[in-house]
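What the coordinates show
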Amino acid sequence: MNSFQIVKAKKLLGELLAEQPEHRLHTDRALSLLNEARIPGLAGCSSGTCPRELDAESRLQRSRNRDRSDLGHRMIKAFYSRSIACDRRAHCCRCDLETMDLVQKADEWGYSRYWFAEHHGSASFASASPEIMMSYAAARTTRIRLGSGGILLGHAEPLRMAESLRTLHALAPGRIDAGFGRAPGGDQRVMKALGERPLDAYQRLDETLTLLRDVRVASNHGDLVAVPDGVEAPEIWVLGTSPASAVEAGTRGLAYAFGSFIDPTHCNEALAAYHATFIPSVWNASPRTLVATVAFVGDTEAEAARMAQCSEQWFVESFLRSKNVRFPLIEEGASFPLDPMERMVRDMRRASVLIGSTENVAERLHEMERRYATSEFALVTITDDHGMRCASYERLASILQ
C-alpha cells in the first residue's frame, strides 16, 4: 500500500497545522470545508478517521484510470529550465544566450512550456529576473508558453507582480504562465538585501490574484488597478516541495507544481494533500498538477550517466559542502573525490532522477504519469555542454510526440 492510499485528508491537515502553524488560516479553511461536506465524500470525517474515504486516493485513482488505454498516444510535453546554469568555462552572460537558443529549439520541438527560475547572488545560476527572460523569449518564439518558475513571494510586491504579468500577457497573449514560490532565492545576505518577509508571502499572492482578476479601468477613485487593463490573467501555478505548499494551492483552486528535482521526499504526501483540499475556483474547475524532475537522456545509458556527472558533482559541492560555485565540467566528474557519506547521498539522489536512454526515460515518465496522476512534467537537464543538453531534450521530444 502506497502513501496515497493511507493518507487521510483531515489527519494530514492537522499534522500540517501542528508542524507549521503559520499556515493556520488556510489549513483552518480547508478543515472547515471538510466538516461542511463541501468536498464530496469527506463529510463526517473525524480526526484520524474517514468512513467514506473518498479522499485524495479516490480522486487520484480516477485520474490514473482516465484515458489509460490512450497513454501511448499522449505527449508529456512540459519543459522547464530550473535555472540558467553557469559552468566554469566562461562568464554567466554566455549562459543566458545559450538558454535563449534552447528556448527557440524547444518551441520547434513541440514542448509546451519553458519556465525561468529566480536566483540571486549565485555563482551557479544567471536567472535573477524571470520576467525579463520571459519577455526576451516571447519575442523570439511563436508558440511555446513562457513562465516564471517561480516569482518569489517573500520579497515581491503585489502591484509590481500584477503589472509585470499583465504587460507580458499583453505582449504574448495566451502564452504566459505565472508560477509563484516561497523560497528565499538565496542566502541570508540576499534575504536582507531584498527585504525578505516570508510570513506574509501567501497574503501577497492573494493580493496579486485580486489585481490580476480586476476588470476595471484605472482611475483616481476606488482601489488601485493594475495596468494595462483589458488583459486576461495568465495561468497561475503554486510551486512547492511540501504538503503545506500543496494545501496553499488546493484551497485557492490553483494549479500545483511539485519540485521533485529539489527534494522528492514528500511528493506523494504533497500531491495527496493537494487533491484532498482542492476547491474549484475561477482559476481551475478541477485539480491540475505538474511534477518537476531531473532528466538526462543519452543515446546509451553510459552517455546519459556521463552527462549527469556535472550536475551530480555540483550537488555534492553545493548542498553537502555548502559552496557557492560554478557547475563543473563533465570531465572533472570522473575523478572528483567523494567520501563514503557523499557517495551514498549521491547514489540516493541518482535513484530518484531520470538517467538513461530515450526509451528508458520515456517509459519511466509514463510510469510516473500513472503513479502521480499527472500528464505534465517539468524536465531539468543541467550539464556543461550546451550541445549535449539540447540533444537530451530533442531525443525525448521525438519519442513523446
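I will try to describe carefully the structure that is included in this document. As the structure is a computational prediction, the values presented were derived from the model and not from experiment. (Residues numbered from 1 in each chain as written. Predicted model: local features only at pLDDT ≥ 70, side-chain atom pairs only at ≥ 80, totals over all residues. Heavy atoms only, no water.)

1. So, the packing of aromatic side chains
The condition is simple: Side-chain rings of Phe, Tyr and Trp, where Trp is taken by its six-membered ring, are said to pair if the distance between their centres is within 6.5 Å; with planes under 30 degrees apart they count as stacked, over 60 as edge-to-face, and otherwise as tilted. Numbering of helices and strands runs from the N terminus, with a helix taken as a DSSP run of H or I at least four residues long and a strand as a DSSP run of E at least two residues long. The buried label goes to any residue with under 20% of its type's maximum accessible area, the exposed label to any with over 50%, and the partly exposed label to all in between, with areas taken from a 1.4 Å probe on protein chains only. Whether a charge sits over a ring comes down to the Lys NZ or Arg CZ being within 6 Å of the ring centre and within 35 degrees of the ring normal.
Evaluation of the coordinates by the stated rule reveals ten aromatic pairs. Measuring from centroid to centroid gives 6.1 Å for Tyr111 and Tyr393, while their planes differ by 85°, and the two rings are edge-to-face. Remark: Tyr393 occurs in helix 16 (residues 386-400) and Tyr111 occurs in the loop between helix 5 (92-109) and strand 1 (113-116); sequence separation between them is 282 residues. Judged by relative accessible area, which is 1%, Tyr111 ranks as buried. For Tyr393, a relative accessible area of 2% gives the class buried. An angle of 70° between the planes, with centres 5.5 Å apart, marks the rings of Phe125 and Trp314 as edge-to-face. Taken together, the positions of Phe125 in the loop between strand 1 and helix 6 (130-138) and Trp314 in helix 12 (residues 301-320) put the pair 189 residues apart, joining distant regions of the chain. Note on accessibility: Phe125 and Trp314 belong to one class, buried. Cluster of aromatic residues (ring-pair linked, three or more members): Phe125, Trp314, Phe315, Phe319 and Phe327. Above the ring of Trp283, the side-chain terminus of Arg213 is found at 5.6 Å from the ring centroid.

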